[in-house]
Amino acid sequence: MYEFSSFEEAYHQLMNELCNLTIESVNLVIPEKDDIANIYITGGFSKNLTFLNLISEAYKSKMVYTSEISNASALGAALIISV
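Residues numbered from 1 in each chain as written. Predicted model: local features only at pLDDT ≥ 70, side-chain atom pairs only at ≥ 80, totals over all residues. Heavy atoms only, no water.

Draft legend 1. Up close: the overall build of the protein. Broken down by element type, the protein carries three helices and two strands. When the helices and strands of the protein are placed in sequence order, the string is α-β-α-β-α. Counting every position in the protein, which comprises 83 residues, the buried fraction comes to 19%. Sequence separation of 24 or more characterises 66% of the internal contacts of the protein that already satisfy a separation of 6 or more. By element, 60% of the accessible surface of the protein is carried by carbon and sulfur atoms, the whole surface being about 6,500 Å². (Helix = DSSP H or I, 4+ residues; strand = E, 2+ residues; numbered from the N terminus. Buried < 20%, exposed > 50% of the residue type's maximum accessible area, 1.4 Å probe, protein only. Contact = heavy atoms within 4.5 Å. Areas by Shrake-Rupley, 256 points an atom, 1.4 Å probe, with all protein chains shown as cover.)

Draft legend 2. Structural context of the confidence of the model for the protein. Overall, the predicted model of the protein reaches an average pLDDT of 87, with 87% of residues at or above 70. Across the protein, the element-wise mean pLDDT spans from 69 in helix 3 (residues 72-82) up to 96 in helix 2 (residues 49-58). (pLDDT = per-residue confidence, 0-100.)

Draft legend 3. Expanded view of the pattern of salt bridges. Applying the stated criterion across every chain yields a total of two salt bridges. Ionic pairing is found between Asp-34 and Lys-62, a salt bridge with its closest N-O pair at 2.5 Å. Note that Asp-34 is positioned in the loop between helix 1 (7-29) and strand 1 (38-41) and Lys-62 in the loop between helix 2 and strand 2 (63-66), a separation of 28 residues in sequence. On the basis of relative accessibility, which here comes to 27%, the residue Asp-34 falls in the partly exposed class. (Salt bridge = Lys/Arg side-chain N within 4 Å of Asp/Glu carboxyl O.)

Draft legend 4. Local environment of a nonpolar patch on the surface. Nonpolar side chains collect at one region of the surface, where Tyr-40, Met-63 and Tyr-65 lie side by side and expose about 350 Å² of accessible area between them. By the secondary structure assignment, Tyr-40 is in strand 1. (Patch = residues over 30% accessible without salt bridge, like charges linked within 9 Å, V, L, I, M, F, W, Y side chains within 5 Å.)

Draft legend 5. Examining helix 2 more closely. Within the sequence span of helix 2, burial applies to Phe-51, Leu-52 and Ile-55. Take helix 2 and look down its axis: the buried residues cluster within an arc of 95°, on one side only. Exposed side chains of helix 2 directed beyond 90 degrees from the buried face belong to Leu-49 and Asn-53. Taken together, the buried residues of helix 2 touch helix 1, strand 1 and strand 2. Capping of helix 2 at its N-terminal end is provided by Asn-48; its side-chain oxygen lies 3.1 Å from the backbone amide nitrogen of Thr-50. (Arc of directions from axis to C-beta. Polar contact = N/O pair within 3.5 Å; in protein donor to acceptor, adjacent residues only side chain to side chain.)

Draft legend 6. Molecular detail of the pairing of strand 2. Pairing between strand 1 and strand 2: four bridges, direction parallel. Within strand 2, the position partnered with Asn-38 by the bridge is Met-63. For the segment spanning strand 1, helix 2 and strand 2, crossover handedness is right-handed. (Pairing = 2+ DSSP bridges. Right-handed = clockwise from strand over helix to strand, strands pointing away.)

Next up, the structure:
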């Protein structure tokens, strides 16, 4: 377990770890020599500026876009189930 001196320090550690997991997952599906220009962030994290900045920093050659639909992840899951 970590010991943090402040809420802010703990929050930033959490964001770093979540972004690292996200980056690892995205890298599993992006081909080594990809021509993907855009990354779209949907759902609740699309409003989290810390998360967006960390993802943008990890993928400097790509444009990172967000969705204005905050429940897009749930909507996508519902569409998959209904097919």
